[in-house]
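Summary of structural features
So the chains spell out like this:
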Amino acid sequence: MKATIKIENGSYGFGHTWSLVLTKRNGTSKSFYLGQDVKFCSRVLGMSPSYIVNQIGSGNITEPSVNTKLANFIIDSLEITKKELFNLEYWAISAE
């Protein structure tokens, strides 16, 4: 199962919101709304964005390989498998 982060502009014209997208080999996908990037990092993961950047090796999360590293880092930090995560509601891990 492939994991990526979908990045969108925040609703107030600043910041970004994230969604975690899981895609199975058969093409079935499920998206999980995470919320504002900084809020998700601090409230859900309990980590600063700079710490996460250091862990994944780059802050360029629009780069596909870095984006995948971020998605997998989030899943690993939540201590849940992709299969278990796929069975949750789309809002279950949101910061908002």
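Bear in mind that the values here come from a model prediction, so they are computed numbers and not experimental data.

Turning our eyes to something else, we now look at unusual backbone geometry. Excluding glycine, residues mostly carry a negative phi; peptide bonds, for their part, are mostly trans. Phi is positive for Glu79, which is not a glycine, with a value near 55°. Counting through the fold element by element, Glu79 comes out in the loop between α3 (64–78) and α4 (82–86). The exposure class of Glu79 is exposed, given its relative accessible area of 74%.

In the predicted model, the protein carries a mean pLDDT of 93, and 98% of its residues have values of at least 70. Within the protein, α3 carries the highest mean pLDDT (97), whereas α4 carries the lowest (89).

Residues separated by three or four positions in an α-helix point in the same direction, a consequence of the helix having 3.6 residues per turn. Helix length check: α3, at 15 residues, gives a terminal C-alpha distance of 21 Å against a target of 21 Å (1.5 Å per residue), a fit within 8%. For α3, the set of buried residues is Val66, Asn67, Leu70, Ala71, Phe73, Ile74 and Ile75. For α3, the secondary structure elements touched by its buried residues are β1 (2–9), β2 (16–23), β3 (29–36), α1 (37–45), α2 (49–56) and α4. Once α3 finishes, Glu79 follows within two positions and takes phi at roughly 55°, a positive value.

Taken across its eight residues, β2 has six buried, putting it largely inside the fold. In the sheet, β1 pairs with β2 via eight bridges, with the strands oriented antiparallel. When the bridges of β2 are listed, Asn9 appears paired with His16. Linkage of β2 to β3, two consecutive antiparallel strands, is achieved through a turn of five residues, within which Gly27 is found at a positive phi near 95°.

Let us now look at the packing of aromatic side chains. Counted under the stated rule, the structure contains one aromatic pair. One Lys or Arg, Lys30, reaches over the ring of Phe86 and ends 5.9 Å from the middle of that ring.

Within soluble globular proteins, side chains that are nonpolar tend to cluster in buried spots. Core analysis: the largest hydrophobic core is formed by 24 residues, its most contacted members being Ile5, Trp18, Leu20, Leu34, Leu70 and Ile74. Elements with a contribution of two residues or more to this core: β1, β2, β3, α1, α2, α3 and α4. When residues in this core are grouped by element, the largest group, six residues, is from α3. Ignoring any residue separated from it by four or fewer positions in sequence, one finds Leu34 in contact with Ile5, Trp18, Ser19, Leu20, Phe40, Ile74, Ile93, Ser94 and Ala95.

Let us look at the sheet that holds β1. The strand order across the open sheet formed by three strands is β1-β2-β3, and the pairing between neighbours is antiparallel. Because the sheet does not close on itself, it has two edges, and the strands there are β1 and β3. Taken pair by pair, the neighbouring strands of this sheet meet at an average axis angle of 25°, ignoring direction. Taken strand by strand, α3 contacts β1, β2 and β3, and its axis lies near 105° from that of β1.

Definitions and cut-offs
- Residues numbered from 1 in each chain as written.
- Predicted model: local features only at pLDDT ≥ 70, side-chain atom pairs only at ≥ 80, totals over all residues.
- Heavy atoms only, no water.
- Helix = DSSP H or I, 4+ residues; strand = E, 2+ residues; numbered from the N terminus.
- Buried < 20%, exposed > 50% of the residue type's maximum accessible area, 1.4 Å probe, protein only.
- pLDDT = per-residue confidence, 0-100.
- Expected span 1.5 Å × (residues − 1).
- Contact = heavy atoms within 4.5 Å.
- Pairing = 2+ DSSP bridges.
- Phe/Tyr/Trp six-rings, centres within 6.5 Å; stacked < 30°, edge-to-face > 60°.
- Lys NZ or Arg CZ within 6 Å of the ring centre and 35° of its normal.
- Core = buried A, V, L, I, M, F, W, Y, C linked by side-chain atoms within 4.5 Å.
- Axes fitted to C-alpha atoms, helices over the stretch in contact; angles between N-to-C directions.

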